[in-house]
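Report on the structure
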Amino acid sequence: MSEIVLQADGLTKRYGDFTAVDNLNLTVERGEVFGLLGPNGAGKTTTILMLLGLTEPSAGSVRVLGLDPARSPLSVKARVGYLPDQVGFYDQLTARENLSYTARLNGIPRREAATRIEEALKRMGLGAVMDKRVGAFSRGMRQRLGLAEILVKRPELIIMDEPTLGLDPEAALEFLDMIRSLRSEGITVMLSSHLLHQVQAVCDRVGLFSQGKLVLLGPVDELARQVLGGGHRILVEAEGDADLAAALGRVDGVLAVRREGPARFVLDAASDLRAAVARAVVEAGGKLLALASEVPNLEEIYARYFQKEAANARAT
Amino acid sequence: MLAQPDTAPGAATLAGGARREGSPWTGLWAVVAKEMADYLTSARMFILELITVIAAAGTVFTATERLRESVGQDPFLFLRLFTTGRDPLPAFVGFLVFLVPIISIALAFDMVNGEFNQRTMSRLLAQPIYRDALLLGKFLAGLFTLALVLTTIWLLIAGMGILRLGVPPGGEEAARILWFLLLTVAYGGVWLALGLLCSIVARQPATAALAALATWLFFTVFWGMLARMLAQAIRPVRFGLPSELLALAQMEQALTRISPNTLYAEATVALLNPEVRSLGLVLPSQLEGAILGAPLPLAESIRLGWPHLVGLIAAAILLFALGYVLFQRREIRA
């Protein structure tokens, strides 16, 4: 049985009449990478601030590593690393000086801190610029410096707010790799983002926020089944005569056929029907060029979910 | 880890408000050390020190020119280094009345909003420290920096005095100068707390600096005039009776003492001029039997300036407390 690292019960935050987070229930287990998704202003940052004890909830309770962040903020903050949205550093200080200030605030002994800082900076690929002023750092370097700062603490849980926002694709991929390597060390990671394909690439489970409510929760493929219905999607490239599409539609278990190009079809299927589809193409006298099972795309789940919501709203 | 009984969430929130884990001053000295290091290496500090040193050297040099003639006659020669001016230069204390507020405001105006603008605030508060430690650490770093600068200037003046006048300061003179140093730091503390308050209220450092300087300008230039007008409105002179005139003068003095500048200037007079026996109004009847011109002992002079010193410290604490309350309630989102 795995240990629960983070637990929110009925967590609510109101600003006057506006409810930023509405009755949130959530648990995250040790070693998981959890993604908080949602459009801007859906309540992701507010949730994170409440989990850290930086903002007081209007109702409900939070347990982080078994502690209440409002009641024992020092123990929680000593064991949880937080990478804020667009992290800032003291520009006039060097990378090493910035981190050694944080280490002192954490009460890490000086000599111990020096070795940990060097280690963390090297791991984040900042070894060569350790003694350069942070003022000259790029956005990606600052983000990595932020993660290095967190590693100096040796945290059990890391919470990141929009970690890849504003990074170029290469830097973002590198950053996602670093998140994966954290998971392999058993560190629990929670990250918020609206860049879905990146979240999908690293997260074990995701929660989808909409207007302060957590509307979907689970692993990506499970969400796909919930939202997209069938869940399996097969991509076929085949040349053949006009009734090829009809032949594909007759395969048992195929729910829908869409023609996306002259020789390109997308099938929604109840299960993985690749073998049956291949046979159908050949039997119909077509030339099979490619056949692939498409991983359900979070972006699509997201778009489809909000379409359904809008349709429901119109219906009622 | 703390062993805590599992209580209902509501009860936990209530109890959490009443007693917090650990000391509120965890990390205080780390903040003080970092902020002081920043100040002492900053270009801003260098400029301020340069101005102060030039003002001190200029005024004290001209003071010694005049004082050389009276060596041996004046028992408080060293105190005169601070209070003697020669046209067109005012005395060094005259400079201090406006140099200290400007230095203090310059140190404090971006203490809190600077962290927000650099986007370091949320990262800082995600570390295991309370906001108390951060705010007090910043204030103390400013105060220590100010004290360091002033102490250096004091020593420079003393050194120049010994070199140019050829006599060392006596014990009582040294004590009076040290009390004066303490008074000046307290005076700086008021403006430091004001600057800190402005930096909490205003999001932009420039706005905070302007607001703090405007307050200073108000007390330096306008408060004196305003105090006179207010006093005339509250205690109007209808018949020209002496009691009316006395009441008016007392009201005006009470009002001007709201200004930290007045408090500082009056207490300075008490500490550096041992002959001064009262900072308020003196009626001829009260002077009966007094030996005019005879210096007061140190303890009496301190007693004279004591309410002023306490008033300055109280004002600093009040301003700091106000800033503290505002900062604790501030939503940290950046």
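**Quick word on the overall build of chain B**
Secondary structure assignment for chain B yields 13 helices and zero strands. Ordered by position in the sequence, the α and β elements of chain B form the string α-α-α-α-α-α-α-α-α-α-α-α-α. Taken over 334 residues, chain B has a buried fraction of 36%. A fraction of 80% describes how many contacts in chain B between residues 6 or more apart in sequence connect residues 24 or more apart.

**A short note on the overall build of chain A**
The helix and strand inventory of chain A stands at 11 helices and 13 strands. Taking the principal axes of the C-alpha coordinates as reference, chain A spans close to 75 × 50 × 40 Å. Excluding contacts between residues fewer than 6 apart, the proportion of contacts in chain A whose partners are at least 24 apart in sequence is 68%.

**Quick look at helix α10 (residues 274–283) of chain A**
An α-helix turns once per 3.6 residues; consequently, residues spaced three or four apart project the same way. Residue and element names in this part refer to chain A. All of the buried residues along α10 are Val277, Ala280 and Val281. Seen from one end, α10 has its buried residues packed into an arc of 100°, which puts them on one side. In this structure, α10 carries Ala275 and Glu283 as exposed residues pointing more than 90 degrees from its buried face.

**Let's talk about the sheet that holds strand β3 (residues 33–37) of chain A**
Pairing between the strands of a sheet is mediated by backbone hydrogen bonds and can be parallel or antiparallel. Residue and element names in this part refer to chain A. As summarised here, the arrangement of the six strands in space is β5-β6-β7-β3-β8-β9, forming an open sheet in which the pairing is mixed. Edge positions in the sheet fall to β5 (80–83) and β9 (213–218), since each of these pairs with one other strand and no more. Pairs of neighbouring strands in the sheet enclose a mean axial angle of 15°, with direction left out of account. When β3 meets strand β7 (residues 188–193), the two strands line up parallel, connected through five bridges. Across the sheet, residue Leu37 finds its bridge partner in β7, namely Ser193. Strand contacts of helix α1 (residues 44–52): β3, β5, β6 (157–161), β7 and β8 (205–210), with the helix running at about 150° to β6, the strand carrying the most contacts.

**Points about the nonpolar core**
Counting 74 residues, the largest nonpolar core has Leu52, Val64, Ala148, Ile158 and Ile159 of chain A as its most contacted members. Those residues in contact with Ile159 of chain A that lie beyond four places of it in its chain are Ile48, Leu51, Leu52, Val80, Tyr82 and Met190 of chain A. Among the nonpolar cores identified, the runner-up in size contains 73 residues, and Ile157, Leu196, Ala315 and Ala316 of chain B belong to it.

**What about the sheet that holds strand β2 (residues 18–29) of chain A?**
All names here are of chain A. Spatially, β2-β1-β4 is the arrangement adopted by the three strands of the open sheet, whose pairing is antiparallel. Looking at which strands have only one partner, the edges of the open sheet turn out to be β2 and β4 (59–64). In this sheet, neighbouring strand axes are inclined to one another by 15° on average, regardless of whether the strands run parallel or antiparallel. Taken together, the five bridges between strand β1 (residues 4–15) and β4 define a ladder with antiparallel strand orientation. For Asp9, the partnering residue across the bridge sits in β4 and is Ser61.

**Some thoughts on the packing of helix α5 (residues 92–108) of chain B against helix α10 (residues 205–234) of chain B**
All names here are of chain B. Where α5 contacts α10, the axes come no closer than 10 Å and their chain directions differ by 165°. Taken together, the axes of α5 and α10 lie roughly antiparallel to each other. Like other packed secondary-structure pairs, α5 and α10 cross with a definite hand, here right-handed. Each of Phe98, Pro101 and Ile105 in α5 lies in contact with α10, whose residues at this interface are Ala209, Ala212, Leu213, Trp216 and Thr220.

**Some details on the environment of Val53 of chain B**
All names here are of chain B. Tracing the backbone through its elements, the reader meets Val53 in helix α3 (residues 43–67). The class for Val53 is partly exposed, based on 14 C-beta atoms found within 10 Å. Here the alpha-carbon distance between Val53 and Leu156, two residues 103 residues apart in the chain, equals 8.6 Å.

**A short note on the pairing of β7 of chain A**
Regular strands have side chains that alternate between both faces of the sheet. Residues and elements named next belong to chain A. Within β7, six of the six residues are buried, which leaves the element mostly enclosed by the surrounding structure. Neither face of β7 is open: one carries Thr188, Met190 and Ser192, the other Val189, Leu191 and Ser193, and all of them are buried. Relative to β7, β6 is paired through five bridges, and the arrangement is parallel. Bridge pairing in β7 links Ile159 to Met190.

**Concerning the environment of Asp85 of chain A**
All names here are of chain A. With respect to the helices and strands, the residue Asp85 is situated in the loop between β5 and α3 (95–105). A C-alpha to C-alpha distance of 9.2 Å links Asp85 and Thr164, two positions 79 residues apart in sequence. Apart from residues no more than four positions distant in its own chain, Asp85 is found in contact with Thr45, Asp161, Glu162 and Leu165.

**Here's the deal with the domain arrangement of chain A**
Segmenting chain A into domains produces domain 1 (4–218) and domain 2 (232–295). Between the C-alpha centres of domain 1 of chain A and domain 2 of chain A there is a distance of 44 Å.

**Digging into the confidence of the model for chain B**
This prediction gives chain B a mean pLDDT of 88; 93% of its residues lie at or above 70. Scored below 50 in pLDDT, residues 1–17 of chain B makes 12 contacts in the model with residues more than four places away or belonging to other chains.

**Section: the packing of α3 of chain B against helix α8 (residues 131–165) of chain B**
Two packed helices can be described by the angle between their axes and the distance between those axes. All names here are of chain B. It is the contact of α3 with α8, at a shortest axis distance of 10 Å, that shows an interaxial angle of 25°. As summarised for this structure, α3 and α8 are arranged roughly parallel, according to the angle between their axes. Considering how the two elements wind past one another, α3 and α8 form a crossing that is right-handed. Contacts from Glu49, Thr52, Val53, Ala56, Val60, Thr64 and Leu67 in α3 reach Val149, Ile153, Leu156, Ile157, Met160, Gly161, Arg164 and Leu165 in α8. In terms of residue class, the contact of α3 with α8 is made up of 10 nonpolar, three polar and two charged.

Basis of the calculations
Residues numbered from 1 in each chain as written. Chains lettered and ligands numbered in written order. Predicted model: local features only at pLDDT ≥ 70, side-chain atom pairs only at ≥ 80, totals over all residues. Helix = DSSP H or I, 4+ residues; strand = E, 2+ residues; numbered from the N terminus. Buried ≥ 20, exposed ≤ 12 C-beta atoms within 10 Å, placed from the backbone. Contact = placed C-beta atoms within 7 Å. Arc of directions from axis to C-beta. Pairing = 2+ DSSP bridges. Axes fitted to C-alpha atoms, helices over the stretch in contact; angles between N-to-C directions. Core = buried A, V, L, I, M, F, W, Y, C linked by C-beta atoms within 7 Å. Parallel < 35°, antiparallel > 145°, perpendicular 65-115°, else oblique. Left-handed = near helix turned anticlockwise from the far one by under 90°. Domains from an automatic or database assignment. pLDDT = per-residue confidence, 0-100. Nonpolar A, V, L, I, M, F, W, Y, C, P; charged D, E, K, R; others polar.

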